[in-house]
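Secondary and tertiary structure notes
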Amino acid sequence: MSAAPDPYRPVRRMLARDRAEPHRVSTPLELFFDLCFVVAISQAGRELAHALAEGKVAHALTGYGMAFFAVWWAWMNFTWFASAYDVDDVPYRLTTLVQITGVLVLAAGVPRIFEDQDLALGVAGYVLMRLAMVTQWLRAARGESGPARTCALRYAVGITLVQVFWVVLLFLPHGTQGPLFPVGVLAELAVPAWAEKDERTPWHRHHIVERYGLFTIIVLGETVAAATVAIQTALDEHLAVAELLPIAAGGLLICFGAWWIYFTGGPHDHLRSNRQALPWGYGHYVVFAAAAAIGAGLEVAVEHAVGAAHISARAATAAVTVPTALFLFTVWALHSRHHKRGAAQPILPLAALSVLAATLAGEAGVLIAGLLVALAVAAGLTLSAKRS
């Protein structure tokens, strides 16, 4: 039997939701959860922009990768769990609010991760989120039986063991923490595959697709906001209208095109089992990270335009074109290649390569990249119209 949220009962038995439940949409709590997580994404993007503008590319990418993984993985785990077991009772809501508190602690620790890879505050927030997730899985195990109960217990045990690793990592010599970080990442990624090897959690594919889509919108919105603030600040301080207009135009075209491309078609029919769902869900690390990095890149391009960045014009443009190309190619790999046919199939890979080539144009590269993304959208629409 499936369970549906009942607002009139403060405590419910946590039972699995119906995989075929009609009209399943995101809840207000899930939307609030997403918005709070974007606080940490904003912090990571801001620090990425500052480090790139100073020419510290390796340092910037390392810090960004570490911080963004923590945010994305905690968000993703909650999202799939909620799709299967959201009962919306008081304990569930309180535990979710604890997770939100954890991401705010993590957000406060993001600058330290970038400065000298000080993981203490970031790990504290992350472990708080993950242990709250353990309590959710234990509640699910209590309400389940048979293979489903085993799956829930495996999640609880696996997550707990990996959190022990993160805590132990803090007590190791500072120079060893960074190299060991990928070990913890691989352990985190392995938990779902191990937990669900015999029994799939009852996630709802339409709900999952909507949740990922909404988070993509929020991240792209944060990208637009970050670029807007950067341009406003530059105009107030330098009055460099001629230098900033091409960046603003190119940035808007990239963000608008990224939204259009992501929401052309959908993966609903493709996500039928964990074999398709796990690569799709994991692949969104690149989608989300690239979308947020576009905003950071636009900040770098703005700083270079007004002479505040200590890097070349091509390096500043690459801060925009590289994440844009990654976004285009990953969306093609996860979404578009499953429903595009004929001449429309290679549009996004070719667009990604063209956007990368726009880096060579230097200061004009952001505007050129924006025009190329818009051209890719127009080409896709034209070919789709001909096919219909």
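Described in the following lines is the structure provided in the data block.

Rules of the game
Residues numbered from 1 in each chain as written. Predicted model: local features only at pLDDT ≥ 70, side-chain atom pairs only at ≥ 80, totals over all residues. Heavy atoms only, no water. Helix = DSSP H or I, 4+ residues; strand = E, 2+ residues; numbered from the N terminus. Rg over C-alpha atoms; globule rule 2.2 N^0.38 Å. Buried < 20%, exposed > 50% of the residue type's maximum accessible area, 1.4 Å probe, protein only. Contact = heavy atoms within 4.5 Å. Areas by Shrake-Rupley, 256 points an atom, 1.4 Å probe, with all protein chains shown as cover. Lys, Arg positive; Asp, Glu negative; His and termini not counted. Charge placed at Lys NZ, Arg CZ, Asp CG, Glu CD. Phe/Tyr/Trp six-rings, centres within 6.5 Å; stacked < 30°, edge-to-face > 60°. Salt bridge = Lys/Arg side-chain N within 4 Å of Asp/Glu carboxyl O. Expected span 1.5 Å × (residues − 1). Bend = angle between axes of the 7 residues up to and from the residue. Polar contact = N/O pair within 3.5 Å; in protein donor to acceptor, adjacent residues only side chain to side chain. Core = buried A, V, L, I, M, F, W, Y, C linked by side-chain atoms within 4.5 Å. Axes fitted to C-alpha atoms, helices over the stretch in contact; angles between N-to-C directions. Parallel < 35°, antiparallel > 145°, perpendicular 65-115°, else oblique. Nonpolar A, V, L, I, M, F, W, Y, C, P; charged D, E, K, R; others polar.

1. So, the overall build of the protein chain
- From N to C terminus, the protein chain includes twelve helices and zero strands.
- Going residue by residue from the N terminus, the α and β elements of the protein chain occur as α-α-α-α-α-α-α-α-α-α-α-α.
- Its C-alpha atoms give the protein chain a radius of gyration of 22 Å, within 12% of the compact-globule value 21 Å for 388 residues.
- Counting every position in the protein chain, which comprises 388 residues, the buried fraction comes to 53%.
- Sequence separation of at least 24 residues holds for 80% of the intrachain contacts in the protein chain that already meet a minimum separation of 6.
- Total accessible area on the protein chain is roughly 16,600 Å²; 68% of this is exposed by carbon and sulfur atoms.
- Both charge centroids of the protein chain, one from 27 positive and one from 27 negative side chains, sit 13 Å from each other.

2. Some remarks on the packing of aromatic side chains
- Applying the stated criterion across every chain, the model contains 31 aromatic pairs.
- On the numbers, 4.0 Å between centres and 5° between planes, the contact of Trp137 with Tyr155 is stacked. Of the two residues, Trp137 is situated in helix α4 (residues 120–143) and Tyr155 in helix α5 (residues 146–170); the sequence distance between them amounts to 18 residues.
- Overall, the relative accessible area of 5% leaves Tyr155 in the buried class.
- Where Tyr212 meets Phe288, the ring centres are 5.9 Å apart and the plane angle is 25°; that geometry is what we call stacked. One end of the pair, Tyr212, is in helix α7 (residues 205–238); the other, Phe288, is in helix α9 (residues 274–305), and 76 residues separate them in sequence.
- Pairwise contacts between aromatic rings join Tyr64, Phe68, Phe69, Trp72, Trp73, Tyr126, Phe165, Trp166, Phe181, Tyr282 and Tyr285 into one cluster.

3. Considering the side chain of Glu144
- Mapped onto the secondary structure, Glu144 falls in the loop between α4 and α5.
- For the buried Glu144, which has no salt bridge, the nearest side chain bearing the opposite charge is Arg13, at an N-O separation of 6.9 Å.
- Ignoring anything within four residues of it in the chain, the contact list for Glu144 reads Ala16, Tyr85 and Arg149.

4. Concerning helix α3 (residues 90–116)
- Taking 1.5 Å of rise per residue, the 27 residues of α3 would be expected to cover 39 Å, and the 40 Å separating its terminal C-alpha atoms lies within 8% of that figure.
- Taken as a whole, α3 carries its principal kink of about 35° at Gly109; the proline Pro111 stands between one and four residues after it.
- Here α3 starts with a cap whose side-chain oxygen sits 3.0 Å from the backbone nitrogen of Tyr92, and that cap is Asp89.
- Among the residues trailing α3, Gln117 stands out with phi positive, at a value near 55°.

5. Some points on the side chain of Thr96
- Its location among the elements puts Thr96 in helix α3.
- Judged by its relative accessible area of 0%, Thr96 falls in the buried class.
- Apart from residues lying up to four places away in sequence, Thr96 is in contact with Leu29, Phe33, Phe78 and Gln136.

6. Concerning the nonpolar core
- Phe37, Tyr64, Trp137, Tyr212, Trp280, Phe327 and Leu328 are the most contacted members of the largest nonpolar core, which has 123 residues in total.
- A per-element tally of this core places helix α2 (residues 57–85) first, with 19 residues.

7. As for the pattern of salt bridges
- In this structure the tally under the stated criterion is nine salt bridges.
- With a closest N to O distance of 2.9 Å, Arg17 and Glu21 form a salt bridge. The pair formed by Arg17 and Glu21 is uniform in burial state, with each residue classed as buried.
- Across the salt bridge formed by Arg93 and Asp88, the nearest N and O atoms sit 2.9 Å from each other.
- In the salt-bridge network here, residues are joined through shared partners; they are Glu30, Asp34 and Arg211.

8. Looking at the packing of helix α10 (residues 313–334) against helix α11 (residues 347–357)
- Viewed as axis vectors pointing N to C, α10 and α11 meet at an angle of 170°, and their least axial separation amounts to 8 Å. As judged from the angle between their axes, α10 and α11 are roughly antiparallel. On α11, the residues touching Thr321, Val322, Thr324, Ala325, Leu328, Phe329 and Trp332 of α10 are Leu348, Pro349, Ala351, Ala352, Val355 and Leu356.

9. Side note on unusual backbone geometry
- Positioned with a positive phi, His23 is a non-glycine residue whose angle comes to about 55°.
- The topology assignment puts His23 in the segment before α1 (28–53).
- Backbone geometry at Asp88 places phi at a positive 55°, although glycine is not the residue there.
- You can see Asp88 is positioned in the loop between α2 and α3.

10. Regarding the packing of helix α8 (residues 241–262) against α9
- Axis separation between α8 and α9 bottoms out at 9 Å; the angle between their running directions is 170°. Here α8 is positioned roughly antiparallel relative to α9, judged by the angle of their axes. Residues Glu243, Leu244, Ile247, Gly251, Ile254 and Tyr262 of α8 form the contact with α9, whose participating residues are Trp280, His284, Val287, Ile294, Leu298, Ala301, Val302 and Ala305.
- Residue composition of the contact of α8 with α9, by class: eleven nonpolar, two polar and one charged.

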